[in-house]
Amino acid sequence: MNRTILAANWKMYLNEDTSIDFIKKMSSDIESFSNSEVILFPSHTCISQVQKELKKLNDIKIGMQDCDIHTKGAYTGGVSLHGLSHIDFCIVGHSERRLLYNESDEVVKNKLETVISNGVNAILCVGETKEQKNDGNTFTVIDAQLSILPKDAISRLTIAYEPVWSIGSGEVPSNKYIEDVLSYIKNKLKSLYSDEIVEKINLLYGGSVDKDNINRLLEVKLIDGFLIGSASADFESFKAIADKLN
Ligand code: PGA
């Protein structure tokens, strides 16, 4: 059986000290995570230190929460995928980037290309706002967000369905709702790629995931794992989620 992916999006919750503290706690409790495939997404400024601290835990993957379209040159403040020694994953198109930093589908498309062409695994986030949901536009929105995918073969892709109205709100969709959207995503992928490629694209759910809802969410067959924000930035609550998988 495949292990469940637990992608920890620490956003701007932890600094260097609290990130290192988290890793230390994790190191001494690593058996709690034996059924999880953990990917940590620290703040960019903490990644190097976290990587050093993670040396002994070679099973834990590390990722960037975002990256620049460019990898080199005169781009003040940009964060390059090449700036760090080794990165396994990079999140692209998180709704906070789309909404707070005005990232268009075109920008997300360019970032996705940069990530994949540099040999890094991409987690592409898609999801509708409350208003779009209430207007009955969920599938139209998802369709537009997925229209940036290349038409030919793709590798190193994971898709995270994160309804914007569920992020940080404590409001989690029903399993039926999530299942319908993930089926829609799966069918869209099948219309683009061979079964062999689609098989390799993991689907995550994200939005207010915690220890109290993880078990019912796991009943959704299409879910390969979770993209977790606030509940992943506190070691005890992250461990409580992982414990539910054991
Ligand atoms: P949340 O965030 O778990 O705090 O809702 C999820 C995310 O933004 O990826």
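Thresholds applied
Residues numbered from 1 in each chain as written. Predicted model: local features only at pLDDT ≥ 70, side-chain atom pairs only at ≥ 80, totals over all residues. Heavy atoms only, no water. Near = heavy atom within 4 Å. Polar contact = N/O pair within 3.5 Å; in protein donor to acceptor, adjacent residues only side chain to side chain. Nonpolar A, V, L, I, M, F, W, Y, C, P; charged D, E, K, R; others polar. Salt bridge = Lys/Arg side-chain N within 4 Å of Asp/Glu carboxyl O. Helix = DSSP H or I, 4+ residues; strand = E, 2+ residues; numbered from the N terminus. Buried < 20%, exposed > 50% of the residue type's maximum accessible area, 1.4 Å probe, protein only. Pairing = 2+ DSSP bridges. Axes fitted to C-alpha atoms, helices over the stretch in contact; angles between N-to-C directions. Contact = heavy atoms within 4.5 Å. Phe/Tyr/Trp six-rings, centres within 6.5 Å; stacked < 30°, edge-to-face > 60°. Lys NZ or Arg CZ within 6 Å of the ring centre and 35° of its normal. Core = buried A, V, L, I, M, F, W, Y, C linked by side-chain atoms within 4.5 Å. Disulfide = S-S within 2.5 Å.

Visitor: Would you mind showing me how to read the site of the ligand here?
Guide: Around the ligand, the surrounding shell holds 13 residues, and the nearest of these are Lys11, His94, Glu162, Gly168 and Ser208. At 2.7 Å from an oxygen atom of the ligand is found a side-chain nitrogen or oxygen belonging to histidine 94. One nitrogen or oxygen atom from the side chain of glutamate 162 is found 2.7 Å from an oxygen atom belonging to the ligand. Broken down by class, the residue content of the shell around the ligand amounts to 3 nonpolar, 8 polar and 2 charged.

Visitor: Explain the pattern of salt bridges here, please?
Guide: A side chain of one charge can pair with a side chain of the opposite charge if their charged atoms are brought near each other. Tallied over the entire structure, the rule returns 15 salt bridges. Of the charged contacts in the structure, one is a salt bridge between aspartate 59 and arginine 3, with a shortest N-O distance of 3.1 Å. Separated by 56 residues along the polypeptide, aspartate 59 in the loop between α2 (47-53) and β3 (61-64) and arginine 3 in the segment before β1 (4-9) bring together distant segments of the chain. For arginine 3, a relative accessible area of 28% puts it in the partly exposed group. Taken together, the shared-partner salt bridges in this structure form one network comprising Asp66, Arg97, Glu103 and Lys111.

Visitor: Mind showing me how you'd approach the sheet that holds strand β4 (residues 89-92) here?
Guide: Remark on secondary structure: sheet strands pair via backbone hydrogen bonds, oriented parallel or antiparallel. Read once around its circumference, the closed barrel built from 8 strands follows the order β1-β2-β3-β4-β5-β6-β7-β8, with strand pairing classed as parallel. Strand-to-strand twist across the sheet, computed as the mean angle between neighbouring axes with direction ignored, equals 25°. Both strand β7 (residues 202-206) and strand β8 (residues 225-228) contribute to a ladder of 3 bridges, which runs parallel. Among the inter-strand pairings, leucine 204 is bridged to a residue of β8, identified as glycine 225.

Visitor: Before we go on, may I ask you to explain the environment of glutamine 132 in this structure?
Guide: Its location among the elements puts glutamine 132 in helix α5 (residues 130-134). Note on glutamine 132: relative accessible area 27%, which makes it partly exposed. Taking C-alpha positions, glutamine 132 is 31 Å from aspartate 195, a pair spaced 63 residues apart along the chain. If we ignore the near neighbours within four places in the chain, the residues touching glutamine 132 are Asn137, Thr138 and Val141. A polar side-chain atom of glutamine 132 sits 2.8 Å from the main-chain amide nitrogen of threonine 129.

Visitor: Sorry if this is basic, but what is going on with the packing of aromatic side chains here?
Guide: The description of two aromatic rings rests on the distance between their centres and on the angle between their planes. Going through the model one piece at a time under the given rule, you end up with 8 aromatic pairs. Among the aromatic residues, those joined into a ring-pair cluster are Trp10, Phe22, Phe33, Phe235 and Phe238. Over the aromatic face of tyrosine 101 sits the side chain of arginine 97, whose NZ or CZ is 4.0 Å from the ring centroid. Over the face of the ring belonging to tryptophan 165 we find lysine 133, whose NZ or CZ atom lies 4.8 Å from the ring centre.

Visitor: What exactly am I supposed to notice about the nonpolar core here?
Guide: The nonpolar side chains of a soluble globular protein tend to be buried, and buried together. Membership of the largest hydrophobic core comes to 66 residues, with the highest contact counts inside it found for Leu40, Leu149, Ile159, Ile185 and Phe238. Top element by residues in this core is helix α7 (residues 175-192). It accounts for 5 residues. Apart from residues no more than four positions distant in its own chain, leucine 40 is found in contact with Ala8, Trp10, Phe22, Ile23, Met26, Leu54, Ile60, Lys61, Ile62, Gly63 and Phe238. Ile5, Ile123, Leu204 and Leu227 belong to the second largest nonpolar core, which has 11 residues in total.

Visitor: Looking at this model, I keep getting lost on the state of the cysteines. Mind explaining?
Guide: In protein structure, a disulfide is the covalent linkage between the sulfur atoms of two cysteines. Taken as a whole and judged by the stated rule, the model has 0 disulfides. Cysteine cysteine 90 is unpaired, with the sulfur of cysteine 67 as its nearest cysteine sulfur at 3.8 Å.

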